[in-house]
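Here are the chains, one letter per residue:
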2 protein chains.
Amino acid sequence: MVQSVHRAVRVLRELATAGPRLGVTELAERIGVAKPTVHALLRTLESEGLVRQDRETGKYLLGPGLLQLGNAYLDTQELRTRSVTWADALASRTGEAVWVAVLAEDHVLVVHHAFRPEGAVQILEVGATIPWHTCALGKAIVAFLPSDRQAALLEGELPRLTGRSVSDPAVLAEQLEQVRGIGYAVEDQESALGDAGIASPVFDRSGEAVGAIGVVGPVEHVLAEETARRKHAVAVREVARNLSRELGAGRGTAWSEA
Amino acid sequence: MVQSVHRAVRVLRELATAGPRLGVTELAERIGVAKPTVHALLRTLESEGLVRQDRETGKYLLGPGLLQLGNAYLDTQELRTRSVTWADALASRTGEAVWVAVLAEDHVLVVHHAFRPEGAVQILEVGATIPWHTCALGKAIVAFLPSDRQAALLEGELPRLTGRSVSDPAVLAEQLEQVRGIGYAVEDQESALGDAGIASPVFDRSGEAVGAIGVVGPVEHVLAEETARRKHAVAVREVARNLSRELGAGRGTAWSEA
DNA sequence: AACGCAGTTCCGCAATACCGAACAGGCGAA
DNA sequence: TTCGCCTGTTCGGTATTGCGGAACTGCGTT
């Protein structure tokens, strides 16, 4: 484990989470490293374009090179490239926005976003991260993970984003069991009030859940009446299954075990 | 300059540019570093989520952490957040897609993309990079840079992307002079056949050109007839000026010098 | 069955990154 | 204006740390 690289990434993370425009001194005490050390790291990162220095205040903030690398990641993500057409189809079939996501640590990372066909301005959510237990995408993925990883996630932090977030491991475990039974997961305003979602897991040739696809929208559209909800669930599950086949998953993978 | 951080970034860059899914050995000889060293770097980056290892082949590819950092960069980019409403307005006024970009090294980096109001599927170009001299955005920014940076860019590599790309420094210098005169730059299929663009620079309180905003679309829409072209140019320049004011640029900045 | 090549591990050397202390520049208070 | 305090920055000695040669292991091929 290379120490200086580890510290450099911590610097980037700190700039990303704590407000941007941090000074050398502030960064140094946040990370617990001597000031000159942080300075050297910053200079290196700056020469690579991953960090830039505000000429007026002398403070540091994230650099454009990160966006290029982030975009390069998206291109390597086979799930994303393969999901584009399926996501579009699902969006027009359901009339709702469609998200495709993968699991990164204990958060869900949105890698593709097909806009709702109709409707006003929508902001692009690619790159957004959400705690796994507060969204349908996350529950869909985790439900089909090996049980040791599942247990680890259930024991981790389970923050509450809204009054409806579920933070009790026992309740979540039960929900996951249910997801394994029906093949899709549901979120009812657990990450943002007014928003709901339905999602199903996507598998690749290894048989592991590599991500999930699902619809996201106003709770009135997605979950209001039972018939609409069922129609959405069927559409989502079907698309997820097709996408999985395209990624090389055999018929015998987890979603057919249910 | 911290050596191991520099090398770690080189690893990431190599994975981003050369095809993804590179092996340790291949990376080692590309970068000119011993195999065990690269291995240690990769393990560190993997533990940070910036790199992941394909379990089947053992080869390495970019990780999801990069997307999170790239997105965090976008949030720090004041130009982007401020430009959103202006870009939407410009898109509906002109009926074309609108891009907002900054200069990163000798490339232009798209930080915001407002879709064309009408029209079929469009792919999101945020994160895309284009050589500065092959697009209107790039010429608009460079034209108002300090003359030493301008000279450096003109002396650098000027690759040709299409048969219409301009790679002669003298011709480009003349174009930049013209841009300074009229306050906007034009691209005629210099980065992709069939695509054209018109862009104006955006300034901040320091008076430096921090980016550019402009329309991009089929050459038939953007440059076909003189009247439409002029209308677009006026709209672009006006929006760029308003955006600059919002970023704190005084009346006395470069775009009014022309 | 033997080969070659991949990713991985080990260990000693010394190059390298770390940090304490001192420097320079900008801002606010007095 | 002057002082003092706070930045970001530079320097150089120390020993921690990362480096790479050589050896190991497991897979796919010949």
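Here the structure is a predicted model, which means the values were calculated and not measured.

J.: Please clarify how the overall build of chain A should be interpreted in this entry.
T.: If you tally the helices and strands in chain A, you get 11 helices and eight strands. The principal-axis extent of the C-alpha atoms belonging to chain A is close to 60 × 40 × 40 Å. In chain A, which comprises 258 residues, the share counted as buried stands at 44%. Considering only contacts in chain A between residues 6 or more positions apart, those separated by 24 or more positions represent 60%.

J.: Even after reading the chapter, I still don't get the protein's contact with DNA strand C, so can you show me in this structure?
T.: Close contacts around DNA strand C come from 20 residues, with Ser4 and Thr37 of chain A together with Gln3, Gly23 and Thr25 of chain B the closest. Among the secondary structure elements, those contributing two or more residues to the surface near DNA strand C are helix 1 (3-17) and helix 3 (35-47) of chain A together with helix 1 (3-17), helix 2 (24-31) and helix 3 (35-47) of chain B. Of the residues that constitute the surface near DNA strand C, the class distribution is seven nonpolar, 10 polar and three charged.

J.: Whenever I open this one, the sheet that holds strand 4 (residues 107-114) of chain A confuses me. Can you help?
T.: The strands making up a sheet are joined through hydrogen bonds of the backbone, oriented either antiparallel or parallel. Residue and element names in this part refer to chain A. Read from one edge of the open sheet, six strands run 5-4-3-8-7-6, paired in antiparallel fashion. Every interior strand has two partners, whereas the edge strands, strand 5 (129-131) and strand 6 (185-188), have only one. Here the strands of the sheet are splayed against their neighbours by 30 degrees on average, with no regard to which way each runs. Relative to strand 7 (residues 195-203), strand 6 runs antiparallel, the two being bridged by four bridges. In the sheet register, Asp188 faces strand 7, and the bridge partner there is Ala196.

J.: I keep staring at the pairing of strand 3 (residues 97-104) of chain B and nothing clicks. Help me out?
T.: Consecutive side chains along a regular strand alternate between the two faces of the sheet. Residue and element names in this part refer to chain B. Strand 3 sits mainly inside the fold: seven of its eight residues count as buried. Pairing of strand 3 with strand 4 (residues 107-114), which is carried by seven bridges, proceeds in the antiparallel orientation. When the bridges of strand 4 are listed, Val100 appears paired with His112. Between strand 3 and strand 4, which follow one another and run antiparallel, lie two residues, and Glu105 among them has a positive phi close to 60 degrees.

J.: Got a minute to help me understand the relation of the copies chain B and chain A in this structure?
T.: Overlaying chain B on chain A yields an RMSD of 0.1 Å, the required transformation being a rotation through 180 degrees with an accompanying axial translation of 0.0 Å. What we have between these two chains is a two-fold relation. The overlap is high: 100% of the interface residues of chain B also sit at the interface in chain A, so the same surface is used on both sides.

J.: Even after reading the chapter, I still don't get the domain arrangement of chain A, so can you show me in this structure?
T.: Looking at the assigned domains, one finds that chain A contains domain 1 (3-65) and domain 2 (77-257). Computed over C-alpha atoms, the centres of domain 1 of chain A and domain 2 of chain A are 35 Å apart.

J.: Just checking my understanding: could you explain the protein's contact with DNA strand D for this structure?
T.: Taken together, 20 residues lie around DNA strand D, and Gln3, Gly23 and Thr25 of chain A together with Ala34 and Thr37 of chain B are the ones closest in. Residue composition of the surface near DNA strand D, grouped by class: seven nonpolar, 10 polar and three charged.

J.: Honestly, the sheet that holds strand 4 of chain B in this entry has me stumped. Any pointers?
T.: Residue and element names in this part refer to chain B. Ordered by their spatial adjacency, six strands build an open sheet running 5-4-3-8-7-6, and the pairing between neighbours is antiparallel. Among the strands making up the open sheet, the edge pair consists of strand 5 (129-131) and strand 6 (185-188). Looking at each pair of strands side by side, their axes are set apart by 30 degrees on average, direction ignored. Where strand 3 meets strand 8 (residues 209-218), five bridges bridge the pair, whose relative direction is antiparallel. Note that in strand 8 the partner of Val100 across the bridge is Ile213.

J.: Just checking my understanding: could you explain helix 5 (residues 78-94) of chain B for this structure?
T.: Three- or four-residue spacings in an α-helix give side chains the same orientation, since the helix completes a turn every 3.6 residues. Residues and elements named next belong to chain B. Here helix 5 contains 17 residues, and its C-alpha end-to-end distance of 24 Å stays within 8% of the 24 Å for a straight helix at 1.5 Å per residue. Val84 marks the point of greatest bend in helix 5, at about 45 degrees. Taken together, the buried positions of helix 5 are Leu79, Arg80, Ser83, Trp86, Ala87, Leu90 and Thr94. Tucked inside the fold, the buried residues of helix 5 contact helix 4 (65-76), strand 3, strand 4, strand 7 (195-203), strand 8 and helix 10 (226-246). Immediately downstream of helix 5, the backbone of Gly95 shows phi near 75 degrees, a positive value.

J.: So what exactly am I meant to see when it comes to the interface of chain B and chain A here?
T.: Between chain B and chain A, the residue contacts involve 44 residues of the former and 44 residues of the latter. Those elements giving two or more residues to the side of chain B that touches chain A turn out to be helix 1, helix 3, strand 2 (60-62), helix 4 and strand 3 of chain B. The element best represented in the side of chain B that touches chain A is helix 4 of chain B, accounting for 11 residues. Residues belonging to the side of chain B that touches chain A are distributed by class as follows: 25 nonpolar, 14 polar and five charged.

J.: For this particular structure, what's the right way to read the environment of Gly23 of chain A?
T.: Positionally, Gly23 of chain A belongs in the loop between helix 1 and helix 2 (24-31). With 14 C-beta atoms counted inside 10 Å, the residue Gly23 of chain A sits in the partly exposed group.

J.: Explain unusual backbone geometry to me, please; I cannot follow it from the model alone.
T.: Leave glycine aside and you will find that most residues have negative phi; peptide bonds, for their part, are mostly trans. Positive phi is not limited to glycine here, since Gln189 of chain A has a value of about 60 degrees. In this fold, Gln189 of chain A is placed in the loop between strand 6 and strand 7. For Gln189 of chain A, a count of 19 C-beta atoms within 10 Å gives the class partly exposed. In this structure, Arg21 of chain B takes a positive phi of about 65 degrees despite not being glycine. The residue Arg21 of chain B is located in the loop between helix 1 and helix 2 in this model. On the neighbour-count criterion, Arg21 of chain B (16 C-beta atoms within 10 Å) is partly exposed.

Conventions we followed
- Residues numbered from 1 in each chain as written.
- Chains lettered and ligands numbered in written order.
- Predicted model: local features only at pLDDT ≥ 70, side-chain atom pairs only at ≥ 80, totals over all residues.
- Helix = DSSP H or I, 4+ residues; strand = E, 2+ residues; numbered from the N terminus.
- Buried ≥ 20, exposed ≤ 12 C-beta atoms within 10 Å, placed from the backbone.
- Contact = placed C-beta atoms within 7 Å.
- Near = placed C-beta within 6 Å.
- Nonpolar A, V, L, I, M, F, W, Y, C, P; charged D, E, K, R; others polar.
- Pairing = 2+ DSSP bridges.
- Axes fitted to C-alpha atoms, helices over the stretch in contact; angles between N-to-C directions.
- Least-squares fit on C-alpha atoms with pLDDT ≥ 70 in both.
- Domains from an automatic or database assignment.
- Expected span 1.5 Å × (residues − 1).
- Bend = angle between axes of the 7 residues up to and from the residue.

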